[in-house]
Amino acid sequence: MENESFVVIAAGVVLFALISGRLRDSVLTPPLVFTGFGLLIGQAVLGIADLHVGDSFIHGLAEVTLILVLFSDAARIDLKQVRADHDLPVRMLLVGTPLVILAGLAAGLALPLQLGLWEAALLAAILAPTDAALGQSVVSSAAVPARIRQALNIESGLNDGIVLPVVLFFASMASAATGGPDGPSWLMFSLTQIGLGLLAGLVIGRVAGWLMDRAAIRGWMADSFEGAAILGVALLAYSGAELIGGNGFIAAFVCGLAFGNWVRGRCRFVFEFAEAEGQLLVLLTFLIFGAAVLPEAFGHITWAMVLYSALS
């Protein structure tokens, strides 16, 4: 990106921050605003930001953002609290989410989207775990009972990590069905990715949590380096899983869950990161989505896609 693009994007972040309080309870959530802002400054409208889907910068930012968001979301989930008030979140995750995927699969096959069975299943699984950030006014509204808001918060923190193996499996089967290696090879690949990702995340999360806990108790680690260490743990889980053939994103989520519940008393940085740097990374990703992805998608939109989106 050119300097002009950076100036416009930085100015947009500052301007949004100035009015963020006024928009907090409105339907204009930050992801929606930044997607629209990206579309406005992208090549489709003003042409200020020259961003393209194939840019390595975009892929790198999206990957790092997803790693850190998965880790921080999982680390913020208190499993003791989940067990104490598990009825609604468990029903949403283990009953509601599969039903949403099945409904999405049925709609994908019924509408003329030219999707095969596994492709329709993949699309449904991708869209099922909608992030609560997109409906932030509901989650933060005092008019919504606290128990419902708590259930939505727990579900939104766990849904991405739980659905991720399903997405990986459907993606493998869709690839096999469209001319890739045979089904058993892709099935073994997906099971290996899921299994080794879970293993790497669990081991790294528990070991890192234990080491940080011991170091902090003995006064070996300065408080100012806790944040850097936690970010390093998230990236270590991702890269470690990829190194042994597992899925790094699954590892990042499981690592966050194990790490956060081992060092629950020292996760203040994770909470602060999710509210500050993590949120900024997410919003920049939505901005890039609006600037680079939406313009390319406009030329391929059909009435069936619009109807599927509405149903979703």
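Here we summarise the structure given alongside this text.

Rules used throughout
Residues numbered from 1 in each chain as written. Predicted model: local features only at pLDDT ≥ 70, side-chain atom pairs only at ≥ 80, totals over all residues. Heavy atoms only, no water. Helix = DSSP H or I, 4+ residues; strand = E, 2+ residues; numbered from the N terminus. Buried < 20%, exposed > 50% of the residue type's maximum accessible area, 1.4 Å probe, protein only. Contact = heavy atoms within 4.5 Å. Phe/Tyr/Trp six-rings, centres within 6.5 Å; stacked < 30°, edge-to-face > 60°. Expected span 1.5 Å × (residues − 1). Bend = angle between axes of the 7 residues up to and from the residue. Core = buried A, V, L, I, M, F, W, Y, C linked by side-chain atoms within 4.5 Å. Patch = residues over 30% accessible without salt bridge, like charges linked within 9 Å, V, L, I, M, F, W, Y side chains within 5 Å. Areas by Shrake-Rupley, 256 points an atom, 1.4 Å probe, with all protein chains shown as cover. Salt bridge = Lys/Arg side-chain N within 4 Å of Asp/Glu carboxyl O. Axes fitted to C-alpha atoms, helices over the stretch in contact; angles between N-to-C directions. Parallel < 35°, antiparallel > 145°, perpendicular 65-115°, else oblique. Left-handed = near helix turned anticlockwise from the far one by under 90°. Nonpolar A, V, L, I, M, F, W, Y, C, P; charged D, E, K, R; others polar.

1. Re the overall build of the chain
No. 1: A count of helices and strands for the chain gives 14 helices and zero strands.
No. 2: Overall, the chain shows an N-to-C arrangement of helices and strands of α-α-α-α-α-α-α-α-α-α-α-α-α-α.
No. 3: Split into buried and exposed, the 312 residues of the chain put 40% on the buried side.
No. 4: Looking at the chain alone, contacts between residues at least 24 apart form 77% of all its contacts between residues at least 6 apart.

2. Details of the packing of aromatic side chains
No. 1: For the structure on display, the rule yields seven aromatic pairs.
No. 2: Between Phe-16 and Phe-34, the aromatic rings sit 5.3 Å apart at their centres with planes inclined by 75 degrees, giving edge-to-face as the arrangement. Remark: Phe-34 occurs in helix 2 (residues 30-41) and Phe-16 occurs in helix 1 (residues 3-23); sequence separation between them is 18 residues. Across the pair, Phe-34 and Phe-16 agree in class, each one buried.
No. 3: Taken together, a centroid distance of 5.9 Å and an interplanar angle of 45 degrees make the contact between Phe-71 and Phe-259 tilted. Taken together, the residues Phe-71 in helix 3 (residues 56-75) and Phe-259 in helix 11 (residues 248-262) connect sequence positions 188 residues apart.
No. 4: Classification of Phe-71 as buried rests on a relative accessible area of 3%.
No. 5: Members of the aromatic cluster, joined through ring pairs, are Phe-16, Phe-34 and Phe-37.

3. As for helix 13 (residues 277-298)
No. 1: Taking 1.5 Å of rise per residue, 22 residues should cover 32 Å, and helix 13 covers 31 Å from first to last C-alpha, within 8% of that figure.
No. 2: Most pronounced at Gly-290, the bend in helix 13 amounts to some 35 degrees.
No. 3: Every buried residue of helix 13 is listed here: Gly-278, Leu-281, Leu-283, Leu-287, Ile-288, Gly-290, Ala-291, Ala-292 and Leu-294.

4. A closer look at unusual backbone geometry
No. 1: Despite not being glycine, Gln-114 shows a phi value in the positive range, around 55 degrees.
No. 2: Of the residues examined, Gln-114 reaches a relative accessible area of 71% and is grouped as exposed.

5. Thoughts on the nonpolar core
No. 1: Within the largest apolar cluster, 49 residues are counted, with the highest numbers of intra-cluster contacts made by Leu-51, Phe-71, Val-233 and Phe-259.
No. 2: Of all elements in the fold, only helix 1, helix 2, helix 3, helix 8 (146-177), helix 9 (183-217), helix 10 (226-243), helix 11 and helix 13 reach the threshold of two or more residues within this core.
No. 3: For this core, the element with the most residues is helix 11, which contributes eight residues.
No. 4: Core analysis: the next-biggest nonpolar cluster, separate from the first, contains 16 residues, Leu-122, Ala-128, Val-163 and Ala-304 among them.

6. Some remarks on a nonpolar patch on the surface
No. 1: Taken together, the side chains of Leu-199, Val-203, Val-207, Trp-210, Leu-211 and Trp-262 present a nonpolar region at the surface, about 560 Å² in accessible area.
No. 2: With respect to the element layout, Trp-262 can be found in helix 11.

7. Let's talk about the packing of helix 2 against helix 13
No. 1: The N-to-C vectors of helix 2 and helix 13 enclose an angle of 50 degrees; their axes lie 7 Å apart at closest approach. Of the possible angle classes, the one that applies to helix 2 and helix 13 is oblique. The chirality of how helix 2 crosses helix 13 is right-handed. Taken together, the residues of helix 13 that come into contact with helix 2 (itself represented by Pro-30, Pro-31, Phe-34, Thr-35, Phe-37, Gly-38, Leu-39 and Ile-41) are Leu-283, Phe-286, Leu-287, Phe-289, Gly-290, Ala-291, Leu-294, Pro-295 and Phe-298.

8. Observations concerning the environment of Gln-43
No. 1: Mapping Gln-43 onto the fold places it in the loop between helix 2 and helix 3.
No. 2: Look at Gln-43 and you get partly exposed, because its relative accessible area is 42%.
No. 3: Separated by 252 residues in sequence, Gln-43 and Pro-295 have C-alpha atoms that sit 7.6 Å apart.
No. 4: Setting aside anything within four residues of it in sequence, one finds Gln-43 in contact with Ala-49, Asp-50 and Ala-291.

9. Observations regarding the packing of helix 10 against helix 11
The relative placement of two packed helices is expressed as an angle between their axes plus a distance between the axes.
No. 1: At a minimum axis separation of 8 Å, helix 10 and helix 11 run at an interaxial angle of 140 degrees. On the basis of their axis angle, the class for helix 10 and helix 11 is oblique. In terms of crossing hand, the pair formed by helix 10 and helix 11 is right-handed. Residues Ile-230, Val-233, Ala-234, Ala-237, Tyr-238, Ala-241 and Glu-242 of helix 10 form the contact with helix 11, whose participating residues are Gly-248, Phe-249, Ala-251, Ala-252, Cys-255 and Phe-259.
No. 2: When the residues that make up the contact of helix 10 with helix 11 are grouped by side-chain class, the tally is eleven nonpolar, one polar and one charged.

Treat this as a map of the structure, not an account of what it does.
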